[in-house]
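# Fold and geometry: a report
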Amino acid sequence: MRTRLDGPPGGERRKVAVLGATGAVGQAFIRLLENHPWFELAEIAASERSAGKPYAEAARWIGGDAMPSRVAGMTVRACDPAEITSGIVFSALDSATAATAEPAFARAGKTVLTNAKNFRMEPDVPLVIAEVNPDHLDVISAQRKARGWDGAIVANGNCSAIVTALPLAPIHQTFGITKLVVATMQAISGAGYPGVASLDILGNVIPYIGDEEPKIEGEVRKFLGTCDRDSVHSADFPVSAHANRVPVEHGHTVVMSIGLSRHARPDEVIDAIADWRGAEIARGLPTAPERPLEVSASPDQPQPRRQVDRGGGMTVTVGRVRPDPIFDVKLVAMGHNVIRGAAGASVLNAELMARRGLLDGL
Ligand code: NAP
């Protein structure tokens, strides 16, 4: 995944902290930040239940790999700005905690890259996919001014919203989207750890994920919206989402029917997706995949088991692009919910901010 190993902008690795470091997304942050060329994982924090313990004791490591030995011995801190010296803070907190903790960190001058839902839809909070809408970071100055913060909050999308918005970006840029129906089949790891009870999900499908459908409907439009210096304006097309939990470990699959301003044949849509490399400024960043999108020609793909780790978990695979008798075109997309849908997307956003000089002095 690391395509560029040149040094960090400004010369030195910047110290970073992870809040919620013991959870499913927190653990993904630890994997991505261990040996990161631009950032040094300096501090980890979680709830009062974990604070004061060595990480190895506080976290139930859920990957098949070994916990990095340096991190295993680090002491978990409380999620209190007074305990964290790093200027860059990745947040994998649950939303109940994020509501007060993240503004407290921003007020204390930290740049918070959050995975929680709380601030995503605020017009002065950038909700960013590095390859899709890097210009939305421009609202940070207005956010600081309006809220009186020295720091800032930059949000990552909901995991399904990210997997949905990535293939829609080149389609919207090329043909214009007029309406969208999307149905998700979401992996268990999207519910965190311990997440969904095994007796509820084994051999089963749960056609409900609390609060998920409005998040997808709102966030996809915000990603594809426009930005002036004061606020982000969501794209103006209706979205209807259905969210389902399925017995898959990692990888959210989304099926979409898309209405277009300019009608396009499936082969034209495939070309638009296959040719797309995303915004120039995001290319070659350490966590950026060679290709944010790949198109599979197999009639039975994408599948989580086959493609979830493409591009180090940062590539979304698209397939089954075909005519839609009601809309214009329909397709299937699949991406890693914990990497592209959470920790990897945040790390990529931080790299983008570093490249743009938005982390200078931190
Ligand atoms: P998780 O596995 O339940 O982890 C939650 C983390 O928050 C743990 O580190 C926990 O620490 C900490 N925490 C809980 N209560 C706290 C408190 N009162 N004070 C400080 N820390 C507290 O959840 P997750 O799946 O990693 O999700 C983290 C966030 O990312 C959520 O907002 C979620 O909606 C979002 N997200 C998740 C995914 C995904 O695919 N999983 C994708 C996109 C976004 P302890 O271990 O000490 O309790």
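### Details of the domain arrangement of the protein chain
Here the domain parsing of the protein chain yields domain 1 (14-158 + 343-355) and domain 2 (159-336). On a C-alpha basis, the centres of domain 1 and domain 2 stand 24 Å from each other. If you look at the interface, domain 1 gives 36 residues, while domain 2 gives 43 residues. Summed over the shared surface of domain 1 and domain 2, the result is two salt bridges. As a salt-bridge pair, K117 and D211 come within 3.0 Å of each other at their nearest N and O atoms. Here the side of domain 1 that touches domain 2 takes seven residues from helix α11 (residues 339-355), the largest share from any one element. Class assignment for the residues of the side of domain 1 that touches domain 2 results in 19 nonpolar, seven polar and ten charged.

### Let's talk about the site of the ligand
If you check the shell around the ligand, you find 27 residues, and the closest are T22, S47, R49, S50 and L93. In the environment of the ligand, an oxygen atom lies 2.5 Å from a nitrogen or oxygen atom belonging to the side chain of T22. A distance of 3.0 Å separates a nitrogen atom of the ligand from a polar atom in the backbone of S189. A majority-of-atoms criterion places the ligand in the largest pocket. Elements with a contribution of two residues or more to the shell around the ligand: α1 (24-33), α4 (95-107) and α11. Taken together, the residues that form the shell around the ligand break down as twelve nonpolar, 13 polar and two charged. Inspection of the shell around the ligand shows a minimum of three residues originating in each of domain 1 (14-158 + 343-355) and domain 2 (159-336).

### Description of the sheet that holds strand β2 (residues 39-46)
Consider a sheet: its strands pair through backbone hydrogen bonds, and that pairing is either parallel or antiparallel. Taking strand neighbours across the sheet as the criterion, the six strands line up as β3-β2-β1-β4-β5-β6 in an open arrangement whose pairing is parallel. Each having just a single partner strand, β3 (76-78) and β6 (152-155) make up the two edges of the open sheet. For this sheet, the mean inter-axis angle between neighbouring strands, taken without regard to orientation, is 30°. Pairing analysis gives three bridges linking β2 to β3, with the strands arranged parallel. Counterpart to A45 in the pairing with β3 is R77. Lying over the sheet, helix α5 (residues 140-147) contacts β5 (111-114) and β6, oriented at roughly 135° with respect to β6.

Thresholds, definitions, all that
- Residues numbered from 1 in each chain as written.
- Predicted model: local features only at pLDDT ≥ 70, side-chain atom pairs only at ≥ 80, totals over all residues.
- Heavy atoms only, no water.
- Domains from an automatic or database assignment.
- Contact = heavy atoms within 4.5 Å.
- Salt bridge = Lys/Arg side-chain N within 4 Å of Asp/Glu carboxyl O.
- Helix = DSSP H or I, 4+ residues; strand = E, 2+ residues; numbered from the N terminus.
- Nonpolar A, V, L, I, M, F, W, Y, C, P; charged D, E, K, R; others polar.
- Near = heavy atom within 4 Å.
- Polar contact = N/O pair within 3.5 Å; in protein donor to acceptor, adjacent residues only side chain to side chain.
- 1 Å grid on protein atoms, 1.4 Å probe; cavity = no way out; pocket = protein on both sides within 12 Å on 5 of 7 lines; lining within 4 Å.
- Sits in = over half its atoms within 2 Å of the grid points.
- Pairing = 2+ DSSP bridges.
- Axes fitted to C-alpha atoms, helices over the stretch in contact; angles between N-to-C directions.

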